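Now for the letters of each chain:
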Number of protein chains: 2
Amino acid sequence: MAVRRAQKKKVASGEPGASLWASADERVREREKKRHAVILTAARAFRKHGYHNTSIDDVARELNVTKPTIYHYVQNKEQLLFECFHAGLGQIMEAFDEVKDSDANARERLSAVMKRYAEAITSEFGWCMVQAENQDLSAAMSKKVRALKSDIDHGIRRIIEEGARDGSIRKCDAKISTFALAGAMNWIAYWYRSDESLGATDIANRFIELFLLGLQPR
Amino acid sequence: MAVRRAQKKKVASGEPGASLWASADERVREREKKRHAVILTAARAFRKHGYHNTSIDDVARELNVTKPTIYHYVQNKEQLLFECFHAGLGQIMEAFDEVKDSDANARERLSAVMKRYAEAITSEFGWCMVQAENQDLSAAMSKKVRALKSDIDHGIRRIIEEGARDGSIRKCDAKISTFALAGAMNWIAYWYRSDESLGATDIANRFIELFLLGLQPR
């Protein structure tokens, strides 16, 4: 007990000996950075060549590492695709978390989520976000993908329903409106070209204007 | 000349001898009906099992015909997919033709096109309409698919621009609004289930309300 207390004290005060623990943190960060590089490289390869035309070998070669190194981070190619999908969707989930306790009304919260959605779908992960479910996944993986997509849809739907209550959003069919909104956002991945399209913020602003104001003159 | 005139007269009056010509018409109609059955059967199989998991043999078996019979209508499986894609898009192109010379304002014409779009995308051809371009098509076929999709986008964009001129549609970024609208419509193919979703007309009506009125209370 005395030893443990002493160690704890050293860590807290940054005295010699704490380096042992700091380097453990550093290792975690380092592993996380490497894992991110693996996923990002895979996402780029999947988008460029398609999922079925990309092998774990291709990803390893691109990163200048061996195949077992990739298997250190994911079990198989399917899981690699899932991680890419998840990296994209994670940005939208974060946006829901950020606005959850905000004082902003539902319409403002919806706009904030749409901005992050546009950022995610125009990122390197955009292709995997919309294409993952088209790749003949195993039943188990397919279920995980559908569940996460459903979480996003429910998050949007909840905000639209809250807007009907706080008066910031017109009463409408929240489920169908969610499908329309998510569909428009997801479809960005099909037409967006980083070199010739508007940036994520400009696209988001125009989408927000369209979905909030509608096409009919006010 | 005298003979030809006599034949023409017989056809027009339905006298004996006209049957020869009528049966040629009948043959054309018969071929068209069979061709449609081939495409419809292929569209169902592609949607159910995926493009790569469906063979020309499967389609032939489903129709109780031989493989060469299918090749009588299409050159290969890729062309079969294209015909399914085209059958769906054709319905939207028809809608553009129908409203072209109408007296209705642009907003009403857009609503009419959206209704037909919803019908097409919820039809048996919906899957092929959105999935054709994801199937590792040859460069030539890919180009044809993209060109037809682009025609649809341009048709919608033109109506939105006309609406800005006739005052029936709010001035907006017509290109980005078209992408949002087409994306929302295309995405229907991903969530629509004929047995549990609203029908095409109800979906179209809710989409029209959303895109015209917007989510912000008026």
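See the structure above.
The structure displayed is predicted, hence computed values, not measured ones.

> How would you summarise the interface of chain A and chain B if you had to cite specific residues and measurements?
Taken together, the 39 residues of chain A in the interface contact 39 residues of chain B. Between chain A and chain B lies a buried interface of about 3800 Å² when both sides are counted; carbon and sulfur atoms form 62% of it. When the buried area of chain A at its contact with chain B is split by residue, Arg170(A), Trp187(A) and Leu215(A) rank highest and sum to 23% of it. In this structure, the connection of chain A to chain B is made through four salt bridges. Between Arg170(A) and Glu209(B) there is a salt bridge, with the nearest N and O atoms lying 3.0 Å from each other. Remark: the boundary between chain A and chain B carries 26 residue pairs in polar contact (both at pLDDT 80 or more). Elements with a minimum of two residues in the side of chain A that touches chain B: α6 (106-121), α7 (126-131), α9 (174-191) and α10 (200-213) of chain A. The greatest single-element share of the side of chain A that touches chain B, amounting to 11 residues, is contributed by α9(A). Class assignment of the residues belonging to the side of chain A that touches chain B gives a composition of 20 nonpolar, 10 polar and nine charged.

> Give a detailed account of the environment of Tyr73(B), specifying residues and quantitative values.
Residues and elements named next belong to chain B. Structurally, Tyr73 is set in the loop between α4 (67-71) and α5 (77-100). You can call Tyr73 buried: its relative accessible area is 13%. Note: C-alpha distance between Tyr73 and Arg31 (42 residues apart in sequence) is 9.0 Å. Once residues within four sequence positions are removed from consideration, Tyr73 is found in contact with Arg31, Lys34, Arg35 and Val38.

> Just give me the short version of the environment of Val145(B), but keep the residues and values in it.
Residues and elements named next belong to chain B. Note on placement: Val145 falls in helix α8 (residues 139-166). Sequence-wise, Val145 and Asp97 are 48 residues apart; in three dimensions their C-alpha atoms are separated by 20 Å. Once residues lying within four places of it in the same chain are set aside, the contact partners of Val145 are Phe82, Phe85, Glu133 and Leu137.

> Let's hear about the side chain of Gln135(B): which residues, and what values?
All names here are of chain B. With respect to the element layout, Gln135 can be found in the loop between α7 (126-131) and α8. From its side chain, Gln135 meets the backbone oxygen of Gln131 in a polar contact 2.9 Å long. For Gln135, the residues in contact, after removing those within four places along its chain, are Tyr51, His52, Leu81 and Trp127.

> Give me the lowdown on the packing of aromatic side chains, citing residues and values where you can.
Considering all chains together, one arrives at 11 aromatic pairs over all chains under this definition. Between Phe207(A) and Phe211(A), the ring centres sit 6.4 Å apart and the planes meet at 50°, which makes this aromatic pair tilted. Taken as a pair, Phe207(A) and Phe211(A) lie in helix α10 at a separation of four residues, close to a single helical turn. What makes Phe207(A) buried here is its relative accessible area of 1%. On the basis of an interplanar angle of 20° and a centroid distance of 4.0 Å, the ring pair of Trp187(B) and Tyr190(B) is categorised as stacked.

> Residue-level account of the pattern of salt bridges, with values.
The final tally for this structure, using the stated rule, is 30 salt bridges over all chains. Connected via shared salt-bridge partners are Glu94(A), Glu98(A), Arg116(A) and Glu119(A).

> Now, about the relation of the copies chain A and chain B: what can you tell me, with residues and values included?
You can overlay chain A on chain B at an RMSD of 0.0 Å; the transform is a turn of 180° with a shift of 0.0 Å along its axis. A rotation of that kind, with that shift, is consistent with a two-fold axis. Relative to the rotation axis, the closest C-alpha in chain A is found at Gly214(A), a distance of 1.8 Å. Residue by residue, 100% of the interface of chain A is reproduced at the interface of chain B, so both copies engage with the same surface.

> Summarise the layout of surface pockets; cite the residues concerned and give the values.
Residue and element names in this part refer to chain B. Its boundaries defined by the atoms lining it, the second largest pocket holds a volume of some 240 Å³. Lining the second largest pocket we find Met93, Phe96, Asp97, Val99, Lys100, Arg109, Asp151, Gly155, Arg158, Ile159 and Glu162. Sorting the residues of the lining of the second largest pocket by element identifies α5 and α8 as the ones contributing at least two each. In terms of residue class, the lining of the second largest pocket is made up of four nonpolar, one polar and six charged.

Conventions adopted
- Residues numbered from 1 in each chain as written.
- Chains lettered and ligands numbered in written order.
- Predicted model: local features only at pLDDT ≥ 70, side-chain atom pairs only at ≥ 80, totals over all residues.
- Heavy atoms only, no water.
- Contact = heavy atoms within 4.5 Å.
- Buried area = accessible area lost by both parts, 1.4 Å probe.
- Salt bridge = Lys/Arg side-chain N within 4 Å of Asp/Glu carboxyl O.
- Polar contact = N/O pair within 3.5 Å; in protein donor to acceptor, adjacent residues only side chain to side chain.
- Helix = DSSP H or I, 4+ residues; strand = E, 2+ residues; numbered from the N terminus.
- Nonpolar A, V, L, I, M, F, W, Y, C, P; charged D, E, K, R; others polar.
- Buried < 20%, exposed > 50% of the residue type's maximum accessible area, 1.4 Å probe, protein only.
- Phe/Tyr/Trp six-rings, centres within 6.5 Å; stacked < 30°, edge-to-face > 60°.
- Least-squares fit on C-alpha atoms with pLDDT ≥ 70 in both.
- 1 Å grid on protein atoms, 1.4 Å probe; cavity = no way out; pocket = protein on both sides within 12 Å on 5 of 7 lines; lining within 4 Å.
- Points joined across faces, edges and corners; volume = space filled by probe spheres on them.

Everything listed here is a matter of coordinates, which is why it stays silent on function.
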